[in-house]
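Structure at a glance
Spelled out, the chains give:
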Amino acid sequence: MDAILAQLLNGLDKGGAYALIALGLTLVFGTLGVVNFAHGALFMLGCFCAVVFRYLLTIETVTIDPEQLSPWGAPVELRTPLVQDWLGDWGAFLVDYSVPLSVLFAVPVMLVIGIVMERGLIKHFYKRSHAEQILVTFGLAIVLQEIVKSFFGANPMPQPIPSDLRSAADVGAWFGMEAHTLTYPTWRLVYLLFSLGVIGAVFAFMRYTTFGMVVRAGMADRETVGVLGIDIDRRFTIIFGIAAVVAGVAGAMYTPLLAPNYQIGMDFLVLSFVVVVVGGMGSLPGAVVAGFLLGILQSFASMNEITSIIPGIDQVIIYLVAIVILLVRPRGLMGRSGVMES
Amino acid sequence: MFSFTRKQFTMLVVFTAIVLTMPIWLSPLGAAYPGLMQKFVIYAIFAIGFNILFGLTGYLSFGHAAFLGVGSYTAVWSFKLLSMDMIPALFFAVIFAGIFALFIGYFSLRRSGIYFSILTLAFAQMSYSLAYSVLTPITNGETGLLIARDDPRAIDTMLGVGQSTSGMPMPSLMGFDLTGYSGFYICALVLIVCFFVSQKIFASPFGMALRCIKSNQTRMMYTGFNTKPYMLTAFVISGMFAGLAGGLLAVTDPIAGAERMKWTESGNLVLMTILGGVGTLVGPVIGAWLIKYFENIFSAINTNMLNSFFEFLPDGFQSVMVTVMSKFVGEGWHLTLGLVFVLIVVFLPGGLVEGTERLMRRFRRSSDKPRSSVSSAASEERS
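Presented here is an overview of the structure given in this document.

Rules of the game
Residues numbered from 1 in each chain as written. Chains lettered and ligands numbered in written order. Predicted model: local features only at pLDDT ≥ 70, side-chain atom pairs only at ≥ 80, totals over all residues. Helix = DSSP H or I, 4+ residues; strand = E, 2+ residues; numbered from the N terminus. Buried ≥ 20, exposed ≤ 12 C-beta atoms within 10 Å, placed from the backbone. Contact = placed C-beta atoms within 7 Å. Expected span 1.5 Å × (residues − 1). Nonpolar A, V, L, I, M, F, W, Y, C, P; charged D, E, K, R; others polar. Bend = angle between axes of the 7 residues up to and from the residue.

1. Some details on the environment of M86 of chain B
Residue and element names in this part refer to chain B. For M86, the position within the fold is in helix 5 (residues 86–108). Judged by the 26 C-beta atoms lying within 10 Å of it, M86 falls in the buried class. Once the C-alpha coordinates of M86 and P171 are considered, the two residues, 85 residues apart in sequence, prove to be 6.2 Å apart. Sequence-distant contacts of M86, that is, excluding residues within four places in its chain, are made with P171, S172, L173, L178 and V251.

Encoded structure:
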């Protein structure tokens, strides 16, 4: 029982990442009708927002302390980040919490990147076929990847978890179980809560703001909304920016769990497309549900008990589910009928 | 079967001439060594096969690298178990890739559009992950499948063909060595045959049916035409071409690794086809050659070469140019590739073939213009 609960939790944090990426993909697809293969690259850019943010925070001065000598007789180098110099303990706190704080940095950056991308390239592809959209965004993804590679190299760049959150949370104890029966890394729990928060925010935004209402109306019938005198294209551009932000913050927070390199987006892209398809093209709740569902499925499939029965199932379970869903129910779990069905 | 219009025949002859004289016209370009030319030829076969599916039917498969991988593995296994001869290796590579394509195609073709792309992608990724993990006894995992001196090689032992030389056995054709130029010419012959086949398919009623499916599948079905078997045949044929290419890769270098099956490889294949021109006969070949050529040339350029190239510029300017350009060559040549690709899709969706056609048309029009203005002037005079 404990093992099952542990796997459930394990799946939830991975599912959170899948759900966030799939949510962005679905937003773009539902509003603009564009199949965005560059969405994984946006996730990757988010990861590197965290890397850059930490780099900026830890620009440091090196002074040589003549009093102290290291055991092998060399003078000790004192490295103090400038931030710490200026702000004291506050600065140390900033450096320690660089990853969660980088979300604040990632939001404006990703918003700008998303809007520039949409205005500069994607907008020319609304009228073209889906195949051409796939191709151009695939090319764009390669370009973005290579730009990142030329700046940061090809090695993964691990990011530290804030020291307060490095421990394991005793999740079992919160629910009245015995202590230490079910523990879970705190950061993963934070990620799960964070992803739930972002998802909730996006849904609330779409549901309860005028802007969201207009966008939903535009998703249903773009022309009519345009005829009513609303500049729907501009709203859709902003929605593209928001999708980029969602992918970006998902990436920034994921960096301590998986050290990012320039290819991280591609691996997530394929999976998140599968998630979108399983959830149903164009359905926001579908993307979220399918994201968590597939995350949980994957973590259950990687249990030893399962892999000993069907070896290798953990590698392919997601694709298998996707294939079955596509063949049996092409509109996905919660897809509207008539969206890209043939 | 062998009836040809004059135009097609000329095309085939010109193509043959171009392929066979590759060592001559590639030497000023600095690419006339056999290993690279074999790559040119093999990837051209791969792209031709992909074009039969994507170019004719418009179904964008993102999983063709899987067939290439299957072809490679089969060929190496044939080297290990049967014989070092390339004929059984290629034969089995094509057959197995075809069976594999039949299986994947049967399921994937139930959906169209983006769903088809994602289905093929899912299947290919599945085979890729399996090749790395569970199928390690067959694929030898990350190391890649290698031949060894003491493999059984049933046919070779039966015929008493022993490896006389010391060292690793090498693939051969009826006892001929396949290293260097002879290897290239064998591959080139295969490419010419493949080009011929694709020409025939393009000109056949079958090819016409596929094009009809591309332009309007629903209407095709309303006319009482069952499109499924046609699509499946096209898918299998294109998978077999990929298997053949994979087999040839194993012939030129008897090792097969799972990284050939990764979906970015399928992406590269799509790049090649689009760059040259989808749905044209020679487009994919040109695309494959260009990409493989630039991969070799661009990735070999380093900062020293750039420095000497920009020597004529003033000092500060030179270093700026070198820093900027060095991002686009060497390790970063993929950046150039991606940029070129985006530009092609945006401005020239028909690829280079369409681009040249447009240019030709413009030239013709500009040379026509003076004459037409003269004639109109003449007609005005008459009236």
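Once the structure has been displayed, the description carries forward.
2. Topic: helix 5 (residues 98–120) of chain A
All names here are of chain A. For helix 5, spanning 23 residues, the distance from its first C-alpha to its last is 31 Å, which sits close to the expected 33 Å at 1.5 Å a residue. Residues of helix 5 that are buried include every one of S98, V99, S102, V103, A106, V107, V109, M110, I113, G114, M117 and E118, and no others. Those residues of helix 5 that are buried lie in contact with helix 2 (39–57), helix 4 (89–96) and helix 11 (232–254).

3. Description of the interface of chain A and chain B
Often the size quoted for an interface is simply the accessible area lost on bringing the parts together. Across the boundary between the two partners, chain A contributes 33 residues, which contact 37 residues of chain B. The set of elements that each furnish at least two residues to the side of chain A that touches chain B consists of helix 6 (130–152), helix 12 (264–279) and helix 15 (313–328) of chain A. Along the lines of polarity and charge, the residues of the side of chain A that touches chain B split into 24 nonpolar, seven polar and two charged.

4. Regarding helix 1 (residues 2–32) of chain A
Residue and element names in this part refer to chain A. For helix 1, spanning 31 residues, the distance from its first C-alpha to its last is 44 Å, which sits close to the expected 45 Å at 1.5 Å a residue. At K14, helix 1 shows its largest bend, some 25°. Two residues or fewer past helix 1, G33 is found with a positive phi of approximately 70°.

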